[in-house]
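Residue-level listing of the chains:
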Amino acid sequence: MTLASEILKSMQTVLPQGGGFLPLHEPVFPGNELAYTKECIDTTFVSSVGKFVDQFENMLADYTGAKRAIAVTNGTAALHMALMLAGVKNGDEVIIPGLTFVATANAVAYIGAIPHIADSEETTLGLDAAKLDAHLSEVAEVRNGECFNKQTGRKIAALVPMHVFGIPSDIEGLLTLCEKFSIPMVEDAAEAIGSFYKGKHCGLFGKVASLSFNGNKTITTGGGGAILTDDDELADLCKHLTTTAKAPHKWEYFHDMIGYNYRMPNINAALGCAQMEKLDDIIVSKRKLAEAYAAAFANIKGVRFLTEPDGCKSNYWFCTIILEKGMEAERDSILEATNGAAYMTRPLWTAMHKLPMFENCPRTDMSVAESLEKRVINIPSGAGILGV
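1. Regarding the sheet that holds strand β3 (residues 114-118)
Pairing between sheet strands relies on hydrogen bonds along the backbone, with the strands arranged either parallel or antiparallel.
Now for step 1: Taken together, the three strands give an open sheet; going across it, the order is β3-β2-β6, and neighbouring strands pair in parallel fashion. Across the chains shown, the open sheet's two edge strands, defined by having one partner strand only, are β3 and β6 (156-159). With strand direction ignored, the average angle separating the axes of adjacent strands in the sheet is 30°.
Now for step 2: The pairing of strand β2 (residues 93-97) with β3 spans five bridges and is classified as parallel. Among the inter-strand pairings, I96 is bridged to a residue of β3, identified as I117.
Now for step 3: Helix-sheet contacts for helix α6 (residues 129-139) involve β2, β3 and β6, and the interaxial angle to β3 is about 130°.

2. Examining the pattern of salt bridges
Now for step 1: Counted according to the given criterion, the structure contains 19 salt bridges.
Now for step 2: Taking the shortest distance from any N to any O, the salt bridge between R263 and E57 comes out at 2.7 Å. One end of the pair, R263, is in the loop between α8 (232-241) and α9 (266-277); the other, E57, is in helix α3 (residues 51-64), with 206 residues separating them in the sequence.
Now for step 3: Assessed through its relative accessible area of 4%, E57 is described here as buried.

3. Some thoughts on the sheet that holds strand β9 (residues 200-201)
Now for step 1: Taking strand neighbours across the sheet as the criterion, the three strands line up as β9-β8-β13 in an open arrangement whose pairing is antiparallel. The sheet is open, and its two borders are formed by β9 and β13 (312-313), each paired with just one other strand.
Now for step 2: Sheet topology note: the strand β8 (residues 196-197)/β13 ladder contains two bridges and is antiparallel. Residue pairing in the sheet places Y197 in a bridge with C312 of β13.

4. What about the packing of aromatic side chains?
Now for step 1: Inspection of every chain in the model, using the stated rule, returns 13 aromatic pairs.
Now for step 2: Clustering of aromatic rings is evident, with ring pairs tying together F165, W317, F318 and W349.
Now for step 3: Geometry around Y253 places K246 over its ring, the cationic atom sitting 4.9 Å from the centre.

5. As for α8
Now for step 1: By the burial criterion, the buried members of α8 are L234, A235, C238, H240 and L241.
Now for step 2: Considering only its buried residues, α8 is in contact with β1 (68-72), α4 (75-85) and β11 (225-229).
Now for step 3: Of the residues that open α8, the one with a side-chain oxygen 2.9 Å from the backbone nitrogen of E233 is D231.

Each value, and the rule that gives it
- Residues numbered from 1 in each chain as written.
- Predicted model: local features only at pLDDT ≥ 70, side-chain atom pairs only at ≥ 80, totals over all residues.
- Heavy atoms only, no water.
- Pairing = 2+ DSSP bridges.
- Helix = DSSP H or I, 4+ residues; strand = E, 2+ residues; numbered from the N terminus.
- Axes fitted to C-alpha atoms, helices over the stretch in contact; angles between N-to-C directions.
- Contact = heavy atoms within 4.5 Å.
- Salt bridge = Lys/Arg side-chain N within 4 Å of Asp/Glu carboxyl O.
- Buried < 20%, exposed > 50% of the residue type's maximum accessible area, 1.4 Å probe, protein only.
- Phe/Tyr/Trp six-rings, centres within 6.5 Å; stacked < 30°, edge-to-face > 60°.
- Lys NZ or Arg CZ within 6 Å of the ring centre and 35° of its normal.
- Polar contact = N/O pair within 3.5 Å; in protein donor to acceptor, adjacent residues only side chain to side chain.

Listed below in structure tokens is the structure:
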């Protein structure tokens, strides 16, 4: 039996058969989604003003433990704003993982900053703190409490760990690194709603963080994102900037800064409130699916199911298998066999340093990311597969 056949057979022990094409991550709407969106429509307050936006922000803050949450139009807008709030400016460098969705790098570029691309580690697929420490020890220096790249002369203004597929990154190692080199942390927690690092929700370890609620995320608002912070001053500034920096007034339109039309519409937030009410149930279902997969793949030689690190809890946004080194040639046949059997699977993103707009950015050695790129496969992960 080929490896592709063996993997497909194992997936079939977990997944439903004969029901048509199974997407990678289909949203579920098990609660008050219809009722809340209808209520929103009935009030006619479907845009950026309405009770559901405030309610959704409060629910996010209560669930994550953040002091404040500010809802915006999408996860990329959230990260763009988070970087600005952290003080990143035009011409700065921002350390990002090479293995991430392109939005992480794009948000840096929106500011006119330059991605400084760093390698990943095998265990979590997140930033390799030890490797990055060695790299910065060679190329960076701290002057007057700020970090600079000696080779480019640019300030390294932030470090952005991304919790890949909802698996918490090595936050402790990265926080130690940030302290050593005086670099603020801005977490890209786009994929990590419901994921915890040693009892604390992902996104609460840096100065500010971003979440995403795209249609394929653990919970969805159709399109949407949020900024998390414990800093009231930053939160107030964030709300101001994302509402076109309009000064409060009954009728006058006066804008005191360059602002952004980033506020989440009320109708999207209505959907989000209903999803938040069912978030715990959704995560229970997703973790049950992950456990079933882990058991199904346990005895297949050359394949590892990606699991949460010790002391952490993952939402298992995307369930993931990783082929052993030396088995890269098997990846495409596995993708062909599984998609051919009506189970959507996909490879990892193209590493950021291989994209034409970022190929000349400063970077560490990227050997692990380049290897993982050829060995990682996402498999069907929706909360509805085993029922919510």
